[in-house]
2 protein chains.
Amino acid sequence: MSGLRLEAQPVMGLPELEPGADLAGLIAGSGVAIGAGDVVVVAQKAVSKVEGRLRALAGVMPSAAAEELAVRLDKDPRAVQLILDESTEVLRAERGVLITRTRHGYVCANAGVDASNVPQGTVALLPEDPDDSARRLRASIAERAGVAPAVVVSDSFGRPWRLGQADVAIGCAGLEPIDDRRGEADAGGRELSATELAVADEAASAAALVRDKAGREAVVVVRGLKRYVTEADGPGAAALVRPHEEDLFS
Amino acid sequence: MSGLRLEAQPVMGLPELEPGADLAGLIAGSGVAIGAGDVVVVAQKAVSKVEGRLRALAGVMPSAAAEELAVRLDKDPRAVQLILDESTEVLRAERGVLITRTRHGYVCANAGVDASNVPQGTVALLPEDPDDSARRLRASIAERAGVAPAVVVSDSFGRPWRLGQADVAIGCAGLEPIDDRRGEADAGGRELSATELAVADEAASAAALVRDKAGREAVVVVRGLKRYVTEADGPGAAALVRPHEEDLFS
């Protein structure tokens, strides 16, 4: 038995993405082989762009709360206002860092509001509903390519006790987000302890490793996860959000 | 330009590992091609086993603190004592979960003390010094195989606000643990924001995706990260630990 194999390949040559661009068409027509058991990992910035989730800072009126935070954190108050608009709760605001829980339930810095790779004076927000974005993209790719690979919308998140960022899935369609092995036995027949692999997050991380330094490759095809690909879209990345009542670290 | 490619392949057919086993020899002699630019990702349990980091519960005398925690968390007090011995600080002890900071500085559940895949009545501890384990393994593989791939010792960690576990590097030799892109420009010439990719963690995650359900494949070769492989062993996974004074979530 030769075992499992994983492969990640970026989709090269995609143009700069504008609002309304046909991302599915670009992916399906890119020439990269995409099979039904593959996972197409799309960086959230690309999804945000084509969905028009861009905001001009000039049009934002910062509230008093945003102004106060901006002074404390040395940030643009208009960007802070957008961060607050995208959030349900501020977890930490100190040492130049603003960590919130987004409307989707994700805990990350700046609610994913990001000024890089977008026109000067604008920022990109996270997709409104990344799971829905993943489902629609999956359906569109299926329409054009005749196969329905899984789709993951990924983003780079910091971690509370580790330096550096790792990619996770913020949207997911057609992929079991978690491989739940609890209750199964190990090689010696003993029950596996607390082993629930966040497959969608690890696929996002694998994909991140083949993007170039300037992050131009928004789309990566990951092969070798066919056993986790489902015909149904499934619960999405929402299934990776720890319920608030189980949260020990707010 | 065809872009970067990532590939992960498990090393099949390794025997059940005993204390003192020649892991480097088993890897070098396994028949799997290992090049100088490859990353050999080894699950920490395998390293712990060959290093004899096993403890018989019968020989452990629980302290009063361990007994009290054990009652509260419905855990074996002897295992709790071992967890406390491996830790410098308890962060959370509630709802059946014991999260501590290990001696190495890692924040995880149960200080990595684990009863699965080891003989009944024993538990495995994390390696004493996983970076040192990675360095020694790297040197041993180089001796036998004539090439010095990078080596990552990996473990599965839970995340505070996400369900499921993802693999991270707890030991690392010959691999830049973080790809620090801060200060670089994006495609439009604007500075990339806070972009430090935890390469070693993402390599660990990619490797986890090719281990089978029973977790038998302790060793995975990851190819495609040559640009991060260094001749020097480098700072190791210790470079991924957020300094205590920057920690916002203890």
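As shown above, the structure is provided for reference.
The structure contained in this document is the topic of the report that follows. (Residues numbered from 1 in each chain as written. Chains lettered and ligands numbered in written order. Predicted model: local features only at pLDDT ≥ 70, side-chain atom pairs only at ≥ 80, totals over all residues. Heavy atoms only, no water.)

## Overview of the sheet that holds strand S4 (residues 87–94) of chain B
Residues and elements named next belong to chain B. Across the sheet, three strands lie side by side as S4-S5-S6; this open sheet has antiparallel pairing. If you trace the sheet from one side to the other, it starts and ends with S4 and strand S6 (107–109), each paired once. Across the sheet, the mean angle separating the axes of adjacent strands is 25° when strand polarity is ignored. Bridge analysis of S4 against strand S5 (residues 97–102) gives six bridges, and the strand direction is antiparallel. Directly across from Arg92, in S5, lies its bridge partner Ile99. Where helix H3 (residues 64–73) meets the sheet, it contacts S4 and S5, and its direction lies at approximately 30° from that of S4. (Pairing = 2+ DSSP bridges. Helix = DSSP H or I, 4+ residues; strand = E, 2+ residues; numbered from the N terminus. Axes fitted to C-alpha atoms, helices over the stretch in contact; angles between N-to-C directions. Contact = heavy atoms within 4.5 Å.)

## A short note on the nonpolar core
Judged by nonpolar contacts, the single largest core of 111 residues is most densely connected at Leu175(A) and Leu175(B). Not counting residues within four places of it along the chain, the set of residues in contact with Leu175(B) comprises Val39(B), Ala150(B), Val152(B), Val199(B), Ala200(B), Tyr228(B), Val229(B), Thr230(B) and Asp233(B). (Core = buried A, V, L, I, M, F, W, Y, C linked by side-chain atoms within 4.5 Å. Buried < 20%, exposed > 50% of the residue type's maximum accessible area, 1.4 Å probe, protein only.)

## Some words on the pairing of strand S2 (residues 39–43) of chain A
All names here are of chain A. Burial of S2 is extensive: five of the five residues sit out of reach of the surface. Along S2, one buried face is formed by Val39, Val41 and Ala43 and the opposite face, lined by Val40 and Val42, is buried too. The pairing of S2 with strand S8 (residues 150–158) spans five bridges and is classified as parallel. Opposite Val42, over in S8, you have Val153 as the bridge partner. As judged from the four bridges shared by S2 and strand S12 (residues 219–223), these two strands associate in the antiparallel manner. When the sheet's bridge partners are listed, Val42 is paired in S12 with Val219.

## Quick notes on the pairing of strand S1 (residues 6–10) of chain A
Residues and elements named next belong to chain A. Most of S1 sits out of view: four of its five residues are buried. Strand direction decides the pairing type here: S1 and S12, joined by four bridges, are antiparallel. Bridging across to S12, Pro10 finds its partner in Val220.

## Description of the packing of aromatic side chains
Applying the stated criterion to the full structure yields four aromatic pairs over all chains. With a centroid separation of 4.8 Å and an interplanar angle of 70°, the aromatic rings of Trp161(A) and Phe249(A) are classed as edge-to-face. Highlighted residues: Trp161(A) in the loop between S8 and strand S9 (165–173) and Phe249(A) in the segment after S12, separated in sequence by 88 residues. Both rings, one in Tyr106(B) and one in Phe157(B), keep their centres 6.3 Å apart while their planes meet at 65°; by these two values the pair is edge-to-face. With Tyr106(B) in the loop between S5 and S6 and Phe157(B) in strand S8 (residues 150–159), this pair connects stretches of sequence that are 51 residues apart. Just as Tyr106(B) is buried, Phe157(B) falls in that class too. (Phe/Tyr/Trp six-rings, centres within 6.5 Å; stacked < 30°, edge-to-face > 60°.)

## Notes on the interface of chain B and chain A
Listed by partner, the interface residues are 83 residues for chain B and 83 residues for chain A. Summed over both partners, the interface of chain B with chain A buries about 7200 Å², with 51% contributed by carbon and sulfur atoms. Considering only the surface of chain B that becomes buried against chain A, Trp161(B), Arg162(B) and Leu209(B) emerge as the three largest contributors, covering 12% of it. Connecting chain B to chain A are six salt bridges. (Buried area = accessible area lost by both parts, 1.4 Å probe. Salt bridge = Lys/Arg side-chain N within 4 Å of Asp/Glu carboxyl O.)

## Observations concerning helix H4 (residues 77–85) of chain A
Listing the buried residues of H4(A) in full gives Ala79(A), Val80(A), Gln81(A), Leu82(A) and Ile83(A). Here H4(A) starts with a cap whose side-chain oxygen sits 2.8 Å from the backbone nitrogen of Arg78(A), and that cap is Asp76(A). (Polar contact = N/O pair within 3.5 Å; in protein donor to acceptor, adjacent residues only side chain to side chain.)

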